[in-house]
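Observations on the model geometry
As a plain string of letters, each chain reads:
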Amino acid sequence: MRRTILKTLLAAPVATAFPAVWAQAAKIEKPKLTIAVGGKNLFYYLPLSIAERLGYFKAEGLDVEIPDFAGGSKALQALVGGSADVVSGAYEHTINMQAKNQAIQEFVLQGRAPQIVLGVSNKTMPDYKSLADLKGKKIGVSAPGSSTSMMATYVLAKAGLKASDVSFVGVGTSSGALSAVKSGQVDAIANLDPVITMLERDKAIRVVSDTRTLKDTQTVYGGPMPAACLYAPAKFLAENPNTAQALANAMVRALRWLQKTGPSELVKTVPESYLLGDRSLYLEAWQHVKEAMSPDGIMPDAGPATALKMLQTFEASIADKKIDLSKTYTNAFAKKAAAKYA
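Quantities reported herein were computed from a predicted structural model and do not represent experimental measurements.

Overview of the pattern of salt bridges
Scanning the model with the defined rule gives 10 salt bridges in all. Ionic pairing is found between Lys-40 and Glu-52, a salt bridge with its closest N-O pair at 2.7 Å. Residue Lys-40 is found in the loop between β1 (32-38) and α4 (46-53), and its partner Glu-52 is found in helix α4; the two are separated by 12 residues along the sequence. Classification of Lys-40 by relative accessible area gives buried; the value is 13%. The class of Glu-52 is partly exposed, set by a relative accessible area of 32%. Its salt-bridge partner being Asp-202, residue Arg-201 comes within 3.0 Å of it at the nearest N-O pair. Relative accessible area serves as the criterion here: at 32%, Asp-202 is assigned to the partly exposed category. When salt bridges that share partners are traced, they join Lys-182, Arg-201, Asp-202 and Asp-278 into one network.

Structure follows, in structure tokens:
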């Protein structure tokens, strides 16, 4: 019997036969940490929730707390203020922060398309004809300064409107966003699924700009546009490389799971509150955005340049700054994770 067990161990891959040895080989510098996020229920951040719900962070030796904020700009504030170690947020923030002389770096990508949709209210703007009609109107966004706000500002800028020509109103990413549109508090909304699909189903909005698919994203931005990611201060990544690798491993494992999972398994895995009371609608929304999920956590080569070009369209603080895109992201951790979960 003992001989059989020994033969089995010797035949098995080393990582399987001696898991404790491998765990000790890469000591986690910061096993307990906080990841701030703005709108955890959104598909935009679904890989984060999957990694948490399926225990992938714990499997990597991490004890992760994930506070949820009203929008990505609020999550970034938590990082800058020191109450979070890492952010699950939009890649564009790394560029904005470099312009402010703060080194923030993306290290694992969650989305390869933004999934953000700009829709006009059928209640307050039934006669809408073009983006020019939005001048002087209220646009609901997850939070001012967040990726939803940036997308809306960019689309408006291409149509000749400035951010100051409209009023951005923070409406969150859940029931508050729904009620803001249906009650007529806002004239348009820039938000994500499942909120957008629910508003479409109820004929509450008319979609005027969509980035849920790779094709639509190419149309809006003229290139691949990186979306949600994990980012952290460059100093944190330098001082905690094993922790960062463990985070990347968990996230890429979640991305791999999403590539192969079925609809029924997905709805069983996410919290009931994510479904907004309608399971079939949630799955319909998932089909709209599934393509937007990164398959491997790796930043596409042309992605950072697309994001910079977008910001330069309307951000005066970016337009005249020399941005070193190579310092806004690293694929080192994601590539190792992708190899591990090939």
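The discussion continues.
A few points about the packing of aromatic side chains
According to the stated counting rule, one finds five aromatic pairs in the structure shown. Both rings, one in Tyr-44 and one in Tyr-45, keep their centres 4.8 Å apart while their planes meet at 90°; by these two values the pair is edge-to-face. Like Tyr-45, Tyr-44 is buried. On the numbers, 5.2 Å between centres and 15° between planes, the contact of Tyr-154 with Tyr-221 is stacked. Residue Tyr-154 is found in helix α8 (residues 147-158), and its partner Tyr-221 is found in helix α11 (residues 214-221); the two are separated by 67 residues along the sequence. For Tyr-154, a relative accessible area of 5% corresponds to the buried category. An aromatic cluster is built from Phe-43, Tyr-282 and Trp-286, whose rings are joined through pairwise contacts.

Things to note about the sheet that holds strand β7 (residues 138-141)
The strand order across the open sheet built from five strands is β8-β7-β9-β6-β10, with neighbouring strands paired in mixed fashion. In this open sheet, the two strands that pair with only one neighbour each are β8 (167-170) and β10 (205-210). Across the sheet, the mean angle separating the axes of adjacent strands is 25° when strand polarity is ignored. By the bridge criterion, five bridges tie strand β6 (residues 117-121) to β10 in an arrangement that is antiparallel. Considered in β10, the bridge of Ser-121 is made with Ile-205.

Calculation rules
- Note that residues are indexed from 1 along each chain, following the sequence as it is written.
- Predicted model: local features are reported for residues with pLDDT of at least 70 only, side-chain atom pairs are reported and counted for 80 or more only, and whole-chain, interface and lining totals are derived from all residues.
- Side-chain metrics in this entry use all non-hydrogen atoms of the structure; hydrogen atoms and water are not considered.
- Definition used for salt bridges: Asp or Glu carboxyl oxygen within 4 Å of a side-chain nitrogen of Lys or Arg.
- By the criteria applied, helices consist of DSSP H or I runs no shorter than four residues and strands consist of E runs no shorter than two, each listed in order from the N terminus.
- Remark: exposure states derive from per-residue accessible area (1.4 Å probe, protein chains only) relative to the maximum for the residue type, with buried under 20%, exposed over 50%, and partly exposed in between.
- Ring pairs are drawn from Phe, Tyr and Trp, using the six-membered ring of Trp, whenever the two centres fall within 6.5 Å, and their geometry is named by plane angle: stacked under 30 degrees, edge-to-face over 60, tilted for the rest.
- Strand pairing is assigned whenever DSSP detects at least two bridges linking the two strands.
- Orientation is described by axes fitted as lines to C-alpha atoms, over the contacting stretch for helices, and by angles from 0 to 180 degrees between their N-to-C directions.

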